[in-house]
Amino acid sequence: MSATRSPKVSERVAPKPADPQPKKKKHNDDDGPDFSTLLRAWIESHRASLVDSLRRLGKQPIGSFFTCLVMAVALSLPMGLSLLLNNVERLGGSWQRAAQISLYLNLDASPQQGEALRDDIKNMPGVADAEYVSRDQALEEFQQQSGLGEALKELPQNPLPGVVLVTPNEVDKAALEALRQKLAELPKVQQAQLDLVWVERLAAILKLGDRFVFGLTVLLVSALLLVIGNTIRLHIENRRTEIEVIKLVGGTDSYVRRPFLYMGALYGFGAGILSWGVLAFGLNWLNDAVVGLAGLYGSDFALAGVPVADGLSLLLGAVLLGYIGAWIAVARHLRELAPK
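Naming follows an unreviewed UniProt entry, where the protein chain appears as Cell division protein FtsX of Pseudomonas quebecensis. Entered under Sequence similarities (unreviewed entry) in the UniProt record, the comment concerning the protein chain runs "Belongs to the ABC-4 integral membrane protein family. FtsX subfamily."

Pasting the structure below:
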């Protein structure tokens, strides 16, 4: 009998264990949507809020128009005064012309020496222009303006000196005084005269106007924020039930806030357009009277219109004010909009 044992049936039947295979990593579908999907959803949400705001404003055209008109008036007053001040600075010439320095030459200075001095002064730093008035020209102008032509003809000689009129580059009291002293030391110059009192008065008047415009701007901007805030508050009250339902189903504060921010920006945009139009029409209407008055004084002065850069700044500022006013109004009432 053979000593060898036959293998057990279980050993013959049971399969050999297979080599371990690396498990494949399943794709995790819980990572959420990708960036492009989120971006499209964000854009669609903003588009829907904008369209909804336009639709709600379109349902109340008269009320929306008058709200924009009130905002436009508040924006037009400080902007219009600022434009008028800028036009006042150009009236009758420029600041440099108002601060002109008069150089009275010696009586023995010849016209050639006066013209040479004028050319030298033109090349000096801080000087915009220089003009020479001879003794004969000065006498002729004095005869015409004083009405003493016949009496002046009896004089044995011309008593008036030649004059060089110097126009500076900038209007600054210290710089003008330094330039005057420098010009007074030039040869053939007997006296250098500068009417600093007139310059100081003009500067004080324009500075007062600037401060007045700034104060008026602060007051009207505050009133503008109150107007837009009260308007947005009324829209919030009209949609209180809807907002509470949105928050009840999980709507975020930013989702609730977004339509009202677009509404405030749209109010500001409409107010900016109306304000630009009011300023353009007002300056054009006032310009007819200004041109007629300036023509009586032999001047071709005319009011400048609203520059494009200023108009765009006005429009952007109005949109920002509407946005900020809406943000303040919504932030104030957002905690009251919790579902009850």
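Structure shown, so let's carry the discussion forward.
What's the story with the pairing of strand β1 (residues 101-105) in this structure? I'm lost.
Every other side chain in a regular strand lies on the same face of the sheet, so the side chains alternate between the two faces. Within β1, four of the five residues are buried, which leaves it mostly tucked inside the rest of the structure. Alignment of β1 against strand β3 (residues 163-168), held across four bridges, turns out to be antiparallel. Within the sheet, the bridge partner assigned to S102 lies in β3 and is L165.

How do you make sense of the pattern of salt bridges when you look at a structure like this?
Oppositely charged side chains can pair when the atoms bearing their charge come close. According to the stated counting rule, one finds six salt bridges in the structure shown. With its nearest N and O atoms 2.6 Å apart, the salt bridge here joins R47 to E44. In this pair, R47 and E44 are both assigned in helix α2 (residues 35-59), three residues apart and thus about one turn of the helix distant. R56 is paired through a salt bridge with D52; the nearest N and O atoms lie 3.0 Å apart. Remark: D52 and R56 occur in helix α2; sequence separation between them is four residues, near one turn of the helix. A residue is classified by how much of its surface remains accessible, and R56, at 23% relative accessible area, is partly exposed. It is possible to trace a salt-bridge network through shared partners that takes in D52, R55 and R56.

Cut-offs and rules
- Residues numbered from 1 in each chain as written.
- Predicted model: local features only at pLDDT ≥ 70, side-chain atom pairs only at ≥ 80, totals over all residues.
- Heavy atoms only, no water.
- UniProt positions renumbered as here; feature names shortened; annotations may be inferred.
- Buried < 20%, exposed > 50% of the residue type's maximum accessible area, 1.4 Å probe, protein only.
- Helix = DSSP H or I, 4+ residues; strand = E, 2+ residues; numbered from the N terminus.
- Pairing = 2+ DSSP bridges.
- Salt bridge = Lys/Arg side-chain N within 4 Å of Asp/Glu carboxyl O.

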